[in-house]
Amino acid sequence: MDGAGMSRDDSVVNLDDMAQTTTSRGSKGGHSPFDRRTTAWIPSSRAAQVFAQPLPAADKRLSYTMPGIMQEAPLGDPVGDLAKKHLGDVHAAVVRPSVERSTDGLRRLIASGNLRSAVDLTGVLLAAYNQGFGKAHSPSKHTVESLELWCVRFQLLMALKMNTLLHSELETFGDLEAPDMFFQYYPEIYPMKRGSMVPFSMRVIHAEAAKFTPNPSDALTRLNKLIANINAIMSNLSHGRWEDGSVGELSDDDRLESEALWKSRLNAVRQSMARTFFTIKEYHLASASLAQVCHSENCSLEEKSRIYSSLGRINLELGDQQQAAEWFQKCSEFVDPTNPAAKGIVIGHKAYQKMFYGNYAEAYELMLEAAAANDANVDVSHLS
Amino acid sequence: MADSSRDQLLTLKVMRLTRPAFAHNLTVPIDPADAFGAELQTAMASATGQTSAGDPLGSYVVLPQSFENIYLGETFTFYMCVHNDSNQIATEVAIKADLQTSSQRVALPCKMQEPVAELSPDQALGEVISHEIKEIGQHILVCAVTYNTAAGEKMYFRKFFKFPVAKPLDVRTKFYNAENDDVYLEAQIQNTSTIPMVLERISLEPSELYDCNELNPPRAPFSETPIEGPSYLSPQDTRQFLYCLSPKKEYTLKSYRGVTSIGKLDMIWRTSMGERGRLQTSQLQRMAPGYGDLRLTVEEVPATVRMHEMFKIVCRLHNCCDRALDLQIVLDGSLQPGLIWSSTSGRHLGQVPPNGDFDVTLNLVPVAFGLQVISGIRLTDTFLKRTYEHDEVAQVFVS
């Protein structure tokens, strides 16, 4: 990196080194067909305009997206504190692992269920990219790795229901379509590579997180935009072009794999829409979205039975037993008979319906039967 | 009596038993191409026990977490439990439960009313009690516990649980009178609660004067992607129901004059996980349209007629009053320029007894195109020299 006339503080990290390390998610910055498929994205008109001109030198480039974490204090350990309070230091029931400060350490924390420590660790790792606390709205460089860290952080924040923090940290990313979110913006690091550095999960979180704001319909707008972009990509593929519309080598296998990938991503977005509708209490529309997923050609049987079961439960929660019974019936048509848990699920459905009509004794008998068929898929404890 | 500030040996707890609800899952969108997503899902599942990060509702059913709203028409079910916290034996334990509203105090049936129970240390005694909520407003559940300590001292304490009861539905009714004595009742039912509800059955129980015919479409057959709206009623939404009430043949028209009772609207609904509610309106009243002494209805009239071709109408005259009417008919053509009367005017029709009917056939010739209104029938009662005017009795289309 050129030392003179820098508009950013690069002293903290050497991006050349960072580009070489591979995270546990794969290189993404490479040129394999898998990389091309997963990172493909049609740039927004605003980004396309910037790429149409020759880019200024690296040090004179503008920084559009300027994120920074918004909480300095560690998230703490409420369960551990409570255990200490009630059980005393001697019993210190909750032991938190200590891991190295790297992405591998992050994976270990998540795999062992220590989600809060994982969030704190993402904060520490992001500080190395100059995007730590207090760095929001100051310029910084983006790489595939830094964006993956942000993605993990957002997934964890959503899982921990820390929606205000999630929303404030997402804000600096705008609509994820700024020019500096694309590989085209960093030709010296990712030569000849086109596509978006933003992980797809982050796009969906960015859209779905809006359902917790005072304007939940923003989530629907963003999700619809995602669907439009995915449809454009699939249209390009069906015409033998690459995902972003450019003409290049595309073998039949490659194209089929890509179509399968984007179809499954489309279903993920539809499920996100269903969850958004559920949050804003439009249960009717949530059902319609989920039914769309079930009707798509690449929906697996397991997926179908899971969704039908979910639809049945939603209708029981509403008070509509007739509709719920229909959904449960459909679910039993797709349940895998070789799966021992399947019998438990079907009995579980019958038990829910008994509960609906207040027949708790019969429901209890059915639950015991379900528990005998398979272990702990449904659990209920009720005084009656 | 014991000093009420002394420490009590027993404690009382009350828990409302609503239907169990499904646990809400933690959801995180997962990219199917991202291997890490599956790992995250597994980690979340180990923390909460849910099986997927995609479903909004889990498969676990949880006990009620807080006291939800209760509505008029629902059943209030609760579990009342008394526990011996001390290390003494308590004898002659009795519990009484009353429900107090602004207008009355209802004693709830309780098996533990008789002072025969005995509680050893750390033992508990409980009972489930149900009561249908029939009033709105503030309700107070009063639980009174009496018992004896080991020393024979009589102890007593009470606990109060206040909760409000709101109205879940708002019913508005509209009546439409048809020409043939039928009455159409439109009932608009609005969900005034805070949760969606499914109207299981809305029926009209007619009074003895009417037969009821329900005119609501049956529930659409199940479809994965239904075209019509939702089967449930969201808060503040309204649904309309239509009923046709026909007067029973055995009653004369006289019984339907003035204010009559139509019937009662019976509503059954279900909310989350089957919580049931039922309400009935009071007898709905209808003000019958007045007909005066003599009523004229058109029994037969063609809908369309040809220009210059004579057509006939059949009018039924019904004597609505208590005396006989001696009728003479006069046809006045000045009010209907497009039609010409072609029957004899000034005819004497004869006597019509009280509550009796008399049919008259009249002929007309159209002389103008378009929708023409038939008017100008004048009937005179020669007994009392009273004239009844009937205009705009029917319409015909002349082509």
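Residues numbered from 1 in each chain as written. Chains lettered and ligands numbered in written order. Predicted model: local features only at pLDDT ≥ 70, side-chain atom pairs only at ≥ 80, totals over all residues. Heavy atoms only, no water.

Looking at an unreviewed UniProt entry, one finds chain B named Trafficking protein particle complex subunit 13, with Plectus sambesii as its source organism.

Under an unreviewed UniProt entry, the name given to chain A is Trafficking protein particle complex subunit 12, and the organism recorded is Plectus sambesii.

Caption draft 1: Expanded view of the overall build of chain B. Counting its secondary structure elements, chain B contains one helix and 30 strands. Over its C-alpha atoms chain B spans a radius of gyration of 35 Å, topping by over 25% the 21 Å that the globule rule assigns to 399 residues. Taken over 399 residues, chain B has a buried fraction of 44%. Excluding contacts between residues fewer than 6 apart, the proportion of contacts in chain B whose partners are at least 24 apart in sequence is 71%. Within the structure as shown, chain B displays about 20000 Å² of accessible surface, and the carbon and sulfur contribution to it stands at 51%. Treating the 36 positive side-chain charges of chain B as one cloud and the 47 negative ones as another, the clouds have centres 6 Å apart. (Helix = DSSP H or I, 4+ residues; strand = E, 2+ residues; numbered from the N terminus. Rg over C-alpha atoms; globule rule 2.2 N^0.38 Å. Buried < 20%, exposed > 50% of the residue type's maximum accessible area, 1.4 Å probe, protein only. Contact = heavy atoms within 4.5 Å. Areas by Shrake-Rupley, 256 points an atom, 1.4 Å probe, with all protein chains shown as cover. Lys, Arg positive; Asp, Glu negative; His and termini not counted. Charge placed at Lys NZ, Arg CZ, Asp CG, Glu CD.)

Caption draft 2: Examining the overall build of chain A more closely. Broken down by element type, chain A carries 16 helices and zero strands. Buried positions account for 50% of the 384 residues belonging to chain A. Within chain A, contacts between residues separated by at least 24 positions form 65% of all contacts whose residues are at least 6 apart in sequence. In the form shown here, chain A has an accessible surface area of approximately 17800 Å², with 54% of it arising from carbon and sulfur atoms.

Caption draft 3: Expanded view of helix α7 (residues 144-159) of chain A. Residue and element names in this part refer to chain A. If you check α7, its first and last C-alpha atoms are 23 Å apart, about what 16 residues at 1.5 Å a residue would give, namely 22 Å. Counting buried positions over the 16 residues of α7 gives 16, a clear majority of the element. With its phi angle positive at about 60 degrees, K161 sits one or two positions after the end of α7. (Expected span 1.5 Å × (residues − 1).)

Caption draft 4: Looking closely at the interface of chain B and chain A. Of the residues lining the interface, 53 residues belong to chain B; the matching set on chain A comes to 59 residues. Buried area between chain B and chain A, both sides added, is near 5300 Å², and the carbon and sulfur share of it is 61%. Three residues, P29, F222 and E224 of chain B, lead the burial of chain B against chain A; their summed loss comes to 14% of the area buried on that side. Counting across the interface, chain B meets chain A through one salt bridge. (Buried area = accessible area lost by both parts, 1.4 Å probe. Salt bridge = Lys/Arg side-chain N within 4 Å of Asp/Glu carboxyl O.)

Caption draft 5: Layout of the sheet that holds strand β21 (residues 304-305) of chain B. Residue and element names in this part refer to chain B. Spatially, β21-β30-β27 is the arrangement adopted by the three strands of the open sheet, whose pairing is mixed. For this open sheet the edge positions go to β21 and β27 (370-374), each flanked by a neighbour on one side alone. The pairing of β27 with strand β30 (residues 394-398) spans five bridges and is classified as antiparallel. Of the residues in β30, the one forming a bridge with G370 is V398. (Pairing = 2+ DSSP bridges.)

Caption draft 6: Structural context of the packing of helix α11 (residues 252-279) of chain A against helix α12 (residues 283-295) of chain A. Residues and elements named next belong to chain A. Here α11 crosses α12 at 165 degrees, and the two axes come no closer than 7 Å. When the axis of α11 is compared with that of α12, the two are roughly antiparallel. Classified by chirality, the crossing of α12 by α11 is left-handed. Residues N267, R270, Q271, M273, A274, F277 and F278 of α11 form the contact with α12, whose own contacting residues are Y283, L285, A286, S289, L290, Q292 and V293. Looking at the contact of α11 with α12 residue by residue, the classes come out as nine nonpolar, four polar and one charged. (Axes fitted to C-alpha atoms, helices over the stretch in contact; angles between N-to-C directions. Parallel < 35°, antiparallel > 145°, perpendicular 65-115°, else oblique. Left-handed = near helix turned anticlockwise from the far one by under 90°. Nonpolar A, V, L, I, M, F, W, Y, C, P; charged D, E, K, R; others polar.)

Caption draft 7: Looking closely at helix α9 (residues 200-208) of chain A. Residue and element names in this part refer to chain A. Judged by how many residues are buried, α9 sits mostly within the fold: nine of nine residues are covered. Those residues of α9 not exposed but buried are F200, S201, M202, R203, V204, I205, H206, A207 and E208. Those residues of α9 that are buried lie in contact with α7, α8 (163-171), α10 (217-238) and α11.

Caption draft 8: Layout of the pairing of strand β13 (residues 183-191) of chain B. Residues and elements named next belong to chain B. For β13, the buried fraction is high: eight of the nine residues fall into the buried class. For strand β12 (residues 169-177) and β13, the ladder comprises nine bridges, and the chain directions are antiparallel. Residue L169 lies in a different strand from β13, and its bridge partner there is N191.

Caption draft 9: Summary view of the UniProt feature "domain: Trafficking protein particle complex subunit 13 C-terminal" (unreviewed entry) in chain B. In the UniProt entry, the feature "domain: Trafficking protein particle complex subunit 13 C-terminal" (unreviewed entry) is given for residues 302-398 of chain B. Split by type, residues 302-398 of chain B is 0% helix and 59% strand. Its first and last C-alpha atoms lie 10 Å apart. (UniProt positions renumbered as here; feature names shortened; annotations may be inferred.)

Caption draft 10: View of the sheet that holds strand β15 (residues 210-214) of chain B. Residue and element names in this part refer to chain B. Ordered in space as β12-β13-β16-β15, the four strands form an open sheet in which the pairing is antiparallel. In the strand order of this sheet, the two ends are held by β12 and β15, each with one partner. When strand polarity is set aside, the average angle formed by the axes of neighbouring strands in this sheet is 25 degrees.

Caption draft 11: Up close: the environment of R16 of chain B. All names here are of chain B. Within the element layout of this structure, R16 appears in strand β1 (residues 10-16). Sequence-wise, R16 and L63 are 47 residues apart; in three dimensions their C-alpha atoms are separated by 10.0 Å. Those residues within four positions of R16 in sequence are excluded, and the remaining contacts are P64, F67, E68, N69, I70, E74, F76, T77 and F78.

Caption draft 12: Local environment of the packing of aromatic side chains. Counted by the stated rule, this structure contains 20 aromatic pairs over all chains. With 4.8 Å between their ring centres and 80 degrees between their planes, Y352 of chain A and F22 of chain B make a pair best called edge-to-face. Residue Y352 of chain A is located in helix α15 (residues 340-356), and its partner F22 of chain B is located in strand β2 (residues 21-24); the two belong to separate chains. The class for Y352 of chain A is buried, based on a relative accessible area of 2%. The exposure class of F22 of chain B is buried, given its relative accessible area of 2%. (Phe/Tyr/Trp six-rings, centres within 6.5 Å; stacked < 30°, edge-to-face > 60°.)

Caption draft 13: Region of the structure containing the pattern of salt bridges. Counted according to the given criterion, the structure contains 29 salt bridges over all chains. A salt bridge links R36 of chain A to D254 of chain A; the shortest N-O distance between them is 2.8 Å. Linking R36 of chain A in helix α2 (residues 33-39) with D254 of chain A in helix α11, this pair joins segments that are 218 residues apart in sequence. A relative accessible area of 13% means that R36 of chain A is categorised as buried. Overall, the relative accessible area of 8% leaves D254 of chain A in the buried class. A salt bridge links R323 of chain B to D381 of chain B; the nearest nitrogen and oxygen atoms lie 3.4 Å apart. Of this pair, R323 of chain B sits in the loop between β22 (311-319) and β23 (325-331) while D381 of chain B sits in strand β28 (residues 377-381); the two residues are 58 residues apart in sequence, bridging distant segments of the chain. The partly exposed category is assigned to R323 of chain B, whose relative accessible area is 27%. Within the structure, one salt-bridge network assembled from shared partners comprises R36, R37, E243, D254 and E257 of chain A.

Caption draft 14: Spatial organisation of the side chain of D170 of chain B. Relative to the helices and strands, D170 of chain B resides in strand β12. Discounting residues that sit within four places of it in the chain, D170 of chain B has contacts with Q188, I189, Q190 and T192 of chain B.

Caption draft 15: Geometry of the confidence of the model for chain B. Residue and element names in this part refer to chain B. Residues at a pLDDT of 70 or more form 97% of chain B, whose mean pLDDT is 85. In the model, residues 1-5 has pLDDT below 50 throughout and makes four contacts with residues more than four positions away in sequence or in other chains. Complex prediction metrics read pTM 0.79 and ipTM 0.74. (pLDDT = per-residue confidence, 0-100.)

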